[in-house]
Amino acid sequence: MATRALAFFGGKLVPLEDAKVGIMTHALHYGTAIFEGIRANWNEKEGKVFVFRLMEHYERFLRGCRILKIEIPYSVDDLCRITVELLQECGYQEDLYIRPLAFKSSQKVANLKLQDLDSEFALMAMPLGAYLDLQGAARCCTSSWRRMGDTMIPPSVKISGLYVNSILAKTEAVMAGFDEAIMLNQDGFVSEGTGENLFMVVEGKLVTPASSENILMGITRDTVIQLARQELGIETVERPVRRSELYLADEVFLTGTAAHLTPVGHIDNRLIGDGNVGPITRSLLHIYSEVIRGGRPKYAHWCTAVASRLVTA
Ligand SMILES: Cc1ncc(COP(=O)(O)O)c(C=O)c1O
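Residues numbered from 1 in each chain as written. Predicted model: local features only at pLDDT ≥ 70, side-chain atom pairs only at ≥ 80, totals over all residues. Heavy atoms only, no water.

Section: the site of the ligand
Part 1 of the reasoning: K158, Y163, E192, T220 and T257 are the nearest of the 16 residues found near the ligand.
Part 2 of the reasoning: Here an oxygen atom of the ligand sits 2.5 Å away from a polar atom, N or O, in the side chain of K158.
Part 3 of the reasoning: Here I219 contributes a backbone N or O atom positioned 2.7 Å from an oxygen atom of the ligand.
Part 4 of the reasoning: For the ligand, whose free accessible area comes to 380 Å², the fraction covered by protein is 96%.
Part 5 of the reasoning: Elements with a contribution of two residues or more to the shell around the ligand: helix 5 (219-232) and strand 14 (251-256).
Part 6 of the reasoning: Class assignment of the residues belonging to the shell around the ligand gives a composition of three nonpolar, eight polar and five charged. (Near = heavy atom within 4 Å. Polar contact = N/O pair within 3.5 Å; in protein donor to acceptor, adjacent residues only side chain to side chain. Areas by Shrake-Rupley, 256 points an atom, 1.4 Å probe, with all protein chains shown as cover. Helix = DSSP H or I, 4+ residues; strand = E, 2+ residues; numbered from the N terminus. Nonpolar A, V, L, I, M, F, W, Y, C, P; charged D, E, K, R; others polar.)

Set out below in structure tokens:
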């Protein structure tokens, strides 16, 4: 299978190894960048990848750019078009992770403000199978690190510097033998995983922390809320969730573009349900897996099909 490792950088497609920045780049020092995580899912039968909810990812991306005063000369439509072009030219035929990055690119370190800095846009794609390498359901712990709040660094968009918060929590969890960390907010309510939103199943309903709990408003979270309602007739309650409620939930799962739907079997060394994948999680996972590969016509508007130019040429 022919593939090419390319990036969109400096306004054009270039070999990935040529897409480089200098060591004085502002974003490298201070995390002044916005990124996204997008998935393209390989559909063997159709011989195409299906990019999931591309527009929504770029809408969130541009919201982040507004907050960080990052100006790039591209609209959502432009960014979608550039992404399709990159994938066509790279020619990957497997599950992918797509990483757009808009960053303060000036070679200017002595500048602790967002003004007087240039911005750049870069885009890359890479093969990515399972994000959490699990045997069965995930083992999670509650992190000693609290989730950043909107009065510190806005958590509703993907600001690069904010991810030190997630990385501290994930590092601690993995070093203690867990698969993933669950972060509480400053008030001690459940916020989310380090790169995932969290749902629990209680008495046949879904419950997930509300937007007020310092969560990233996940696109997978929104997808699951819609699929649960439309396909299973299950409503989702968005409200504050206490840590101890997780221990008593019938099922818990995490959602994210990279992690898809990840069942949670243990939290803080307590069994959730019987420790395996619960029935509602299993049903949602099945539907979601079909939807993201373009397998359900009702949700075709969420998928952008891309065929490799390297194969069809
Ligand atoms: C902190 C955090 N929460 C939640 C999510 C899930 O969001 P989405 O479903 O849009 O990928 C992510 C992943 O982007 C994340 O980084």
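On we go from here.
With respect to the pattern of salt bridges
Part 1 of the reasoning: Per the stated rule, a full pass over the model turns up 17 salt bridges.
Part 2 of the reasoning: Between E238 and R221 there is a salt bridge, with the nearest N and O atoms lying 2.7 Å from each other. Of this pair, E238 sits in strand 13 (residues 236-238) while R221 sits in helix 5, and the two are 17 residues apart along the sequence.
Part 3 of the reasoning: Overall, the relative accessible area of 3% leaves R221 in the buried class.
Part 4 of the reasoning: Across the pair R229 and E235 runs a salt bridge whose closest N-O atoms are separated by 3.2 Å.
Part 5 of the reasoning: For E235, a relative accessible area of 39% puts it in the partly exposed group. (Salt bridge = Lys/Arg side-chain N within 4 Å of Asp/Glu carboxyl O. Buried < 20%, exposed > 50% of the residue type's maximum accessible area, 1.4 Å probe, protein only.)

Observations concerning the pairing of strand 12 (residues 205-208)
Part 1 of the reasoning: Looking at chain direction, strand 11 (residues 197-202) and strand 12 are connected through three bridges and run antiparallel. Within strand 12, the residue paired with M200 across the bridge is V207.
Part 2 of the reasoning: By the bridge criterion, three bridges tie strand 12 to strand 13 in an arrangement that is parallel. Note on strand 13: the bridge partner recorded for L206 is T236. (Pairing = 2+ DSSP bridges.)

Comments concerning the nonpolar core
When a protein is soluble and globular, its nonpolar side chains tend to lie buried together.
Part 1 of the reasoning: With 38 residues, the main nonpolar core has Y58, F61, L87 and F121 as its most contacted residues.
Part 2 of the reasoning: Counting residues per element, the ones that place at least two in this core are strand 1 (6-9), strand 3 (33-35), strand 4 (38-43), strand 5 (48-52), helix 2 (54-67), helix 3 (76-90), strand 6 (96-104) and strand 7 (119-127).
Part 3 of the reasoning: By residue number, the principal contributor to this core is helix 3, which donates eight residues.
Part 4 of the reasoning: Formed by 21 residues, the second largest nonpolar core is a distinct cluster that contains F199, L206, I225 and I234. (Core = buried A, V, L, I, M, F, W, Y, C linked by side-chain atoms within 4.5 Å.)

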